[in-house]
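# Descriptive structure summary
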Amino acid sequence: MVLGVKEENTIVKSIHTATKPSADVAKKIVYDTRNLNLWYGDHHGLKDINLSIYENEVTAIIGPSGCGKSTYLKTLNRMVELVPSVRTSGEIVYRERNILDKSYTVEELRTRVGMVFQKPNPFPKSIYDNIAYGPRIHGIKNKKILDEIVEKSLRGAAIWDEVKDRLNQNAYGLSGGQQQRICIARCLAIEPDVILMDEPTSALDPISTLKVEELVQELKKDYSIIIVTHNMQQAARISDRTAFFLSGEVVEYDKTDVIFQTPADQRTEDYISGRFG
Amino acid sequence: MRYMDDTVVMKRMTKRITFNKVWKSFFFLATTFALVTLVILLYRIVTQGVDYLSIDFLTNFASRFADKAGIKAALIGSLWLMAVVAPVSIILGVGTAIYLEEYAKKNRLNDFIRMNISNLAGVPSIVFGLLGLTIFVRMLGLGKSVLAAGFTMSLLILPVIIVAAQEAIRAVPNEQREASYGMGATKWQTIVHVVLPAAIPGILTGSILAMSRAIGETAPLVVIGIPVILQFLPNGLLSQFTALPMQIYDWAKRPQEAFQYVASAGILVLMTVLLLMNSIAIFIRNKFQKRY
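Keep in mind it's a predicted model, so treat the numbers as computed, not measured. (Residues numbered from 1 in each chain as written. Chains lettered and ligands numbered in written order. Predicted model: local features only at pLDDT ≥ 70, side-chain atom pairs only at ≥ 80, totals over all residues.)

### A closer look at the overall build of chain A
Each helix and strand counted, chain A has 11 helices and 10 strands in total. Relative to a compact globule of 277 residues, whose C-alpha radius of gyration would be 19 Å, chain A shows 19 Å and is just as compact. Reported as C-alpha extents along the three principal axes, the dimensions of chain A are approximately 60 × 45 × 35 Å. The buried share among the 277 residues of chain A stands at 45%. Put simply, of all contacts in chain A between residues at least 6 apart along the chain, 70% involve residues at least 24 apart. (Helix = DSSP H or I, 4+ residues; strand = E, 2+ residues; numbered from the N terminus. Rg over C-alpha atoms; globule rule 2.2 N^0.38 Å. Buried ≥ 20, exposed ≤ 12 C-beta atoms within 10 Å, placed from the backbone. Contact = placed C-beta atoms within 7 Å.)

### Digging into unusual backbone geometry
Residue and element names in this part refer to chain A. Although it is not a glycine, E191 adopts a positive phi angle of roughly 45°. If you trace the backbone, E191 turns up in the loop between α7 (176-188) and β7 (194-198). For E199, which is not a glycine, the phi torsion comes out positive at approximately 45°. Residue E199 is classed as buried on the basis of its 21 C-beta neighbours within 10 Å.

### Brief notes about helix α8 (residues 206-219) of chain A
Residue and element names in this part refer to chain A. Its 14 residues place the ends of α8 20 Å apart at the C-alpha level, agreeing with the 20 Å of an ideal helix rising 1.5 Å per residue. Listed in full, the buried residues belonging to α8 are V212, L215, V216 and L219. Looking straight down α8, one finds that the buried residues subtend no more than 105° of arc, so they occupy a single side. Those residues of α8 that are exposed and aimed more than 90 degrees away from the buried face are P206, I207 and E214. In this structure, the buried residues of α8 make contact with β3 (58-62), α7, β7, β8 (224-228) and α9 (232-238). (Expected span 1.5 Å × (residues − 1). Arc of directions from axis to C-beta.)

### Some words on the pairing of β8 of chain A
Residue and element names in this part refer to chain A. The buried fraction of β8 amounts to five of the five residues, a majority that puts the element mostly inside the structure. Of the two faces of β8, the one carrying S224, I226 and V228 and the one carrying I225 and I227 are both buried. By the bridge criterion, four bridges tie β3 to β8 in an arrangement that is parallel. Directly across from I61, in β8, lies its bridge partner V228. Of the pairings in the sheet, the one linking β7 to β8 comprises five bridges and is parallel in character. Paired with M197 across the bridge in β8 is I227. (Pairing = 2+ DSSP bridges.)

### Section: the domain arrangement of chain B
Partitioning chain B into domains gives domain 1 (2-51) and domain 2 (57-291). Here the side of domain 1 of chain B that touches domain 2 of chain B is built from residues that sort into two nonpolar, two polar and one charged. (Domains from an automatic or database assignment. Nonpolar A, V, L, I, M, F, W, Y, C, P; charged D, E, K, R; others polar.)

### Let's talk about the interface of chain A and chain B
Listed by partner, the interface residues are 18 residues for chain A and 16 residues for chain B. Those elements that provide at least two residues to the side of chain A that touches chain B are α3 (106-112), β6 (113-116) and α4 (127-137) of chain A. The residue makeup of the side of chain A that touches chain B, split by class, is nine nonpolar, six polar and three charged.

### What about the packing of helix α3 (residues 72-103) of chain B against helix α6 (residues 146-170) of chain B?
Residue and element names in this part refer to chain B. Viewed as axis vectors pointing N to C, α3 and α6 meet at an angle of 35°, and their least axial separation amounts to 6 Å. Between α3 and α6 lies a crossing whose hand is right-handed. Looking at the contact of α3 with α6, its residues break down into 22 nonpolar, six polar and two charged. (Axes fitted to C-alpha atoms, helices over the stretch in contact; angles between N-to-C directions. Left-handed = near helix turned anticlockwise from the far one by under 90°.)

### Here we look at the confidence of the model for chain A
Averaged over every residue, the pLDDT of chain A is 89; residues scoring 70 or more account for 90%. Predicted confidence is poor over residues 1-19 of chain A, with pLDDT under 50, and the contacts of this stretch with residues over four places away or in other chains come to 24 contacts. (pLDDT = per-residue confidence, 0-100.)

### Things to note about helix α2 (residues 69-76) of chain A
Residues and elements named next belong to chain A. Extensive coverage of α2 is indicated by the burial of eight of its eight residues. Among the residues making up α2, those that are buried are K69, S70, T71, Y72, L73, K74, T75 and L76. Downstream of α2 by one or two residues, R78 has phi in the positive range, about 60°.

### Notes on the sheet that holds β7 of chain A
All names here are of chain A. Strand order in the open sheet formed by six strands is β6-β7-β8-β3-β9-β10, and the pairing between neighbours is mixed. Each of the sheet's edge strands pairs with one partner strand only, and the pair in question is β6 and β10 (249-255). Recorded for the sheet is a direction-independent mean angle of 15° between the axes of neighbouring strands. Set on the sheet, α2 makes contact with β3, β6, β7, β8 and β9 (241-246); between it and β8 the angle comes to about 150°.

If you want it as structure tokens, here you go:
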């Protein structure tokens, strides 16, 4: 096994495509990022990003604070545009269409690409209304259909049994970990294709973190998941591929076990062995 | 070597502590001064006016005789005025606040507009009275009507409502908006379903406080030329009317001593209305304010 990984790694090194992982051909690409550059005013936040993200995998993005990992994630659903001074160049192809193109409306994109945020942010409404929020804004009014969506989403986020008897209570009465799983359920309710997660466990205790991690493993069967994390053990535990970002650049992108066992770049090795960051 | 010299430190200690006490007393006196003034004022008004306060006082029209003078026309007139001011100022004020906070881009022009709305809140009310007289009473030919006075009062309190609504909208955490946008909601849907439900307690509190200012304002009404002695109730938006502060002002400036007491009774009615509105505002704030 170890030998196999080493061989794979040598190939990566020799053809010098650190940002193109040794792909197994069968996997389909969800997001293809080509020469993406991003500026916050004068600050060059993302530099020449080339990254292919695969279907039904968990892709982890790691790196020290301020390396651009969250920025990149938020570019994938164009949430980054909420910052007024942002400019981008290059393209991000999602399912054959460039999402950075102005003709791609953010409302359409964000219906297909759901997001879970760093801090649990349920609405100060009932649990039911939180989950039904997405379907409702997309025009579903039928109570029976909404009921089914709510149950399916809550089951999907592994929280149905904990909340099924108090769907009409305010979501703020739940614990932080439960709130975060409510947010994941809320995201599932719009039946997205991709789920973006921005450090979803950084505000949670270890047990809640474990539950969310198990959930991510479960969800990748049906969704493609991209998760930003500052926790390297987490990336190693749950992801299939890992991209290491440093000062706005992708230093290395490969299968997770390659990145963590035999990284090609010295900087990656320094980071994962805790020498900086 | 130590930089802190114990003898010097101890010598200054007493001085510093005394200083603290002196300032504490000063701040306490400042607070007492305001409170005592208020109590004296209230005491005078209540002792003067309470004898004239009766059901008859509320149901009688104005009169040349102090004993028969009533506040009916003014009380109902003020309610009519509020019926115009409330919808006009809240719709325009909240609309402006939503535009400025949610839609407008952050650029110099918009910063300039934001700054000047706050400045507008400090413009003397008599200036708004002159504006109302020129535009609503004369140019638009509304006359000395409920509508003209209502529009003028709306303009007067609009900046206060805008600023209050802006603050309430700004207090809604950005994470809430992001959650909504993240599911593909439009800005409008986010405003209606996320921002406004959370901001409405703050908006209502600010609006009610602003309206209690409008109900007590006299200067714009004097400038517009609202009559004081009316023997009928307004029967429509274009009807003539009078208002509580106008009536009180008229009574207070009469030479007969008895009318001073009638004025005090009028002030008691006005203050009851104000207290009622403020209590509603406090109730709404405490009951519905959401904490994140």
